[in-house]
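# What the coordinates show
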Amino acid sequence: MSQEVDLTDQLQARREKLKELREQGINPFGARYERTHDTEKIRTLYSSLTEEELEEKPVPVVMAGRLMAKRRKGKAGFADIQDFNGRIQLYVRKDNVGDEEYEIFKRIDIGDFVGVEGTVFKTHVGELSIKVTKFNILSKAMRPLPDKFHGLKDVEQRYRQRYLDLIVNPEVRKTFILRSKIVQTIRDYLDGESYLEVETPTMHSIPGGAAARPFITHHNALNMDLYMRIAIELHLKRLIIGGFEKVYEIGRVYRNEGIDTKHNPEFTMLELYAAYDDLRDIMSLTENLISSVAEKVLGTTEITYEDKKVDLKPSWRRIHMVDAIKEVTGVDLWPEMSDEEARKLAADHGVAVKDDMIYGHVVNEFFEQKVEETLVQPTFIYGHPVVISPLAKKDPSDNRFSDRFELFIVGREHANAFSELNDPIDQRERFEEQMREREAGNDEAQIIDEDFLEAMEYGMPPTGGLGIGIDRLIMLLTDSASIRDVLLFPQMRNREDK
RNA sequence: GAGCCGCUAGCUCAGGGGUAGAGCAUCUGACUUUUAAUCAGAGGGUCGAGGGUUCAAAUCCCUCGCGGCUCACCA
């Protein structure tokens, strides 16, 4: 209590009011409150009625919410309360609620939770409102909310104190409600296709299934280091081996990499696997899934992302990576060539490559540096070089390439899929190649996973697999510029002053 | 990791060498259909932190912190 002298005027005023409420025998942090209506229900049921109709047949309601605005005029006043579905105006008159409750209304602050009883009416300008007959304080807010008109703009504070952002910025609330609907719709779609949703470990003893640096943690009782998963892949394939023919998981993965507008250390992936399917089946599934989610959630497949018009209606363009490179740059990488010749081509066309890169790496660099950003409309790029695809089947007609695709929309990768490699001998060779890359200094090359290889040796059916970055999909469908705008609590650096 | 920009009242922002400003919010008063209510008055600041230059620093310089954007990294 001795630090009360340090409190700002705002905090002092609210503490003072809290004390007064208690002195009047009112609990400022009340218990349950049973509502008959929320703002949405009132709006849908009564907004079409006229002022006169509502006056003739008054509708009694009990509702609750957070006080967002207050306009007092002597012995009466208006206030806006907000609940999950919206806002509604209250009209509080001294001669309707009595002297005692009117005093409480006079002292109540923006940000407080209130519960009211009253009747629905319309003001002379036609605004649907509640004429309050009983006024209760349900919970006192001890700090003031951000500016009622300008909201909360400070980006740092919006991320660090997302609850404030959600209270005062309705479009933020809308984005996260949409996020929830999108994920739900994906689940509904996959459930409709008879996929089984599963949960697999997020702590792995070998981080596999992708090329990325992992977070390391430690289990005390087992006295062993564990890695936060960088992908879901290898466990879901074990389930395919175990006889689950269609499985998926929507879950968090963790990558120990830089943070920017498209990367957060933890993010959400959808991975699914379908036995007996191949790349073509997964392409169809992907375009049907994403377009139907857009249709269900947004009501259209025609979307706008950062002023770019995108049509998600199937079928989407399918083009081999080498053909796409040829189309954009004019460079033909189809002919057989040495690694040195490939690097020379890159140098001649302004594609930065490292000296130890082989043909497959060069093809990938060409694609990433020259083609990727040009792919605005949904495009399946298939046939990635085998060297960068250690978990995908080889293309039977050209073993430099794999049965893999990535989906690009607005110049960004949105999905990654393969005809899954199910030959354990080939898989071992691919892992060994990865280990050689690792020893050569690529600390994101994959680590050999003996336990997974053993599983595959028991027999794995031909399988199609897919990974979709859910956060990026949400960004696309909500026209959000930063991944932080679709993550409720994005990763932030600690502040030293708190 | 690099470059650029930002950090001033609870919130939104002005002020860019002469000792701190506005709107909302807060406090006091008036007002019984207002809605960014209005009117009158009052209080509220370690100007991100630390150091330096100067008679004088929110302002100029240096270091650091946090954030944003761009680039690099992320196959």
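Predicted, not measured: the structure shown is a model, and the values here were computed from it.

Formed by 44 residues in total, the largest nonpolar core has its most connected members in Ile-186, Leu-270, Leu-312, Leu-466 and Ile-468. Top element by residues in this core is helix H10 (residues 279–298). It accounts for nine residues. With residues near it in sequence (within four places) discarded, Ile-468 still touches Thr-268, Met-269, Leu-270, Leu-289, Ile-290, His-414, Ala-415 and Leu-473.

With respect to spatial proximity, 54 residues lie near RNA strand B, and among them Asp-9, Val-125, Lys-148, Ala-211 and His-263 are the closest. The contact atoms of RNA strand B, taken as those within 4 Å of the protein, divide so that sugar and phosphate hold 54%. Taking Arg-93, its side chain carries an N or O atom lying 3.0 Å from a base oxygen of RNA strand B. Arg-484 is positioned such that a nitrogen or oxygen atom in its side chain is 3.0 Å from a phosphate oxygen of RNA strand B. Within the surface near RNA strand B, the residues separate by chemical class into 16 nonpolar, 13 polar and 25 charged.

A few words now on the packing of aromatic side chains. Applying the stated rule across the entire model yields nine aromatic pairs. With centroids separated by 5.5 Å and ring planes inclined at 35°, the aromatic side chains of Trp-316 and Phe-380 adopt a geometry described as tilted. Of this pair, Trp-316 sits in the loop between strand E13 (308–311) and strand E14 (317–320) while Phe-380 sits in strand E15 (residues 379–382), and the two are 64 residues apart along the sequence. Grouping residues by exposure puts Trp-316 and Phe-380 together as buried. Ring plane angle 75° and centroid distance 4.8 Å describe the contact between Phe-380 and Phe-405, whose orientation is recorded as edge-to-face. Taken together, the residues span a long stretch of sequence, with Phe-380 in strand E15 and Phe-405 in strand E18 (residues 404–409) at a distance of 25 residues. Residue classification places Phe-380 among the buried positions, given a relative accessible area of 0%. Using a relative accessible area of 0% as the deciding quantity, one classes Phe-405 as buried. Here the aromatic cluster, defined as three or more aromatic residues joined through ring pairs, consists of Phe-78, Tyr-91 and Phe-121. Lys-70 extends its terminal NZ or CZ atom over the ring of Phe-105, reaching a point 5.5 Å from the ring centre.

Glancing now at the UniProt feature "binding site: Mg(2+) 2" (unreviewed entry) in chain A. Feature annotation in UniProt assigns "binding site: Mg(2+) 2" (unreviewed entry) to the following positions: Glu-413. Relative to the helices and strands, Glu-413 resides in strand E19 (residues 412–419). Residue Glu-413 is classed as partly exposed on the basis of its relative accessible area of 30%.

It is worth spelling out the domain arrangement of chain A at this point. Here the domain parsing of chain A yields domain 1 (1–145) and domain 2 (167–316 + 377–485). Placing the centre of domain 1 and that of domain 2 at their C-alpha centroids yields a distance of 48 Å. Every contact between the two is made by six residues of domain 1 and, on the other side, four residues of domain 2. When domain 1 packs against domain 2, the two sides together hide about 430 Å² of surface, and 60% of this comes from carbon and sulfur. Three residues stand out in domain 1 for area buried against domain 2, namely Gln-82, Phe-84 and Leu-145, and they jointly supply 68% of the buried area on that side.

Quick look at the pairing of strand E20 (residues 463–469) now. For E20, a buried count of seven out of seven residues is recorded, marking the element as mostly surrounded by other parts of the structure. Along E20, one buried face is formed by Thr-463, Gly-465, Gly-467 and Gly-469 and the opposite face, lined by Gly-464, Leu-466 and Ile-468, is buried too. Across seven bridges, the pairing between strand E11 (residues 266–275) and E20 is antiparallel. When the sheet's bridge partners are listed, Met-269 is paired in E20 with Gly-469. Here E19 runs beside E20; their pairing, made up of five bridges, is antiparallel. Counterpart to Asn-416 in the pairing with E20 is Gly-467.

Here the focus is the sheet that holds strand E1 (residues 60–73). Judged by pairing direction, the barrel is mixed, and its five strands sit side by side in the order E1-E2-E3-E5-E4 before closing back on the first. Strand-to-strand twist of the sheet, defined as the mean angle between neighbouring strand axes without regard to direction, takes the value 55°. One ladder, built from 10 bridges, connects strand E4 (residues 113–122) with strand E5 (residues 128–139); its direction is antiparallel. Paired with Phe-121 across the strands is Ser-129, a residue of E5.

How each quantity is defined
The residue numbers shown here count from 1 along each chain, following its written sequence. Written order determines the labels here, with chains lettered from A and ligands numbered from 1. Side-chain atom pairs in this predicted model are given and counted only at pLDDT of 80 or more, local residue features only at pLDDT of at least 70, and totals for whole chains, interfaces and linings cover all residues. With hydrogens and water set aside, each side-chain value is computed from the structure's full complement of heavy atoms. Residues belong to a common nonpolar core when they are buried Ala, Val, Leu, Ile, Met, Phe, Trp, Tyr or Cys residues joined through side-chain atoms within 4.5 Å. In this scheme, a residue with accessible area under 20% of its type's maximum is buried, one over 50% is exposed, and one in between is partly exposed, where area comes from a 1.4 Å probe on protein chains only. The secondary structure listing takes helices from DSSP runs of H or I that are at least 4 residues long and strands from runs of E that are at least 2 residues long, numbered from the N terminus. Whether two residues are in contact is decided by their heavy atoms, any of which lying within 4.5 Å being enough. Each residue is tested against the molecule or strand, and it is near if at least one of its non-hydrogen atoms lies within 4 Å. In protein, a polar contact requires one atom able to donate a hydrogen and another able to accept it; more generally it is a pair of N or O atoms within 3.5 Å, and residues adjacent in sequence count only if both atoms are side-chain atoms. Basically, the charged four are Asp, Glu, Lys and Arg, the nonpolar ten are Ala, Val, Leu, Ile, Met, Phe, Trp, Tyr, Cys and Pro, and anything else, Gly included, counts as polar. The pairing test for Phe, Tyr and Trp rings, Trp by its six-membered ring, is centres within 6.5 Å, and the orientation test on the planes gives stacked under 30 degrees, edge-to-face over 60, and tilted for anything in between. Geometrically, a lysine NZ or arginine CZ counts as sitting over a ring once it is within 6 Å of the ring centre and also within 35 degrees of the ring normal. UniProt positions are given in the numbering used here, feature names are shortened, and annotations may be inferred rather than shown by experiment. Where each domain begins and ends is defined by an automated method or by a domain database. Buried area: the accessible surface (1.4 Å probe) lost by two parts on joining, summed over both. Strands are labelled as partners when DSSP assigns at least two bridges between them. Convention adopted: a line fitted to C-alpha atoms gives each axis, helices being fitted over their contacting stretch, and angles between N-to-C directions are expressed from 0 to 180 degrees.

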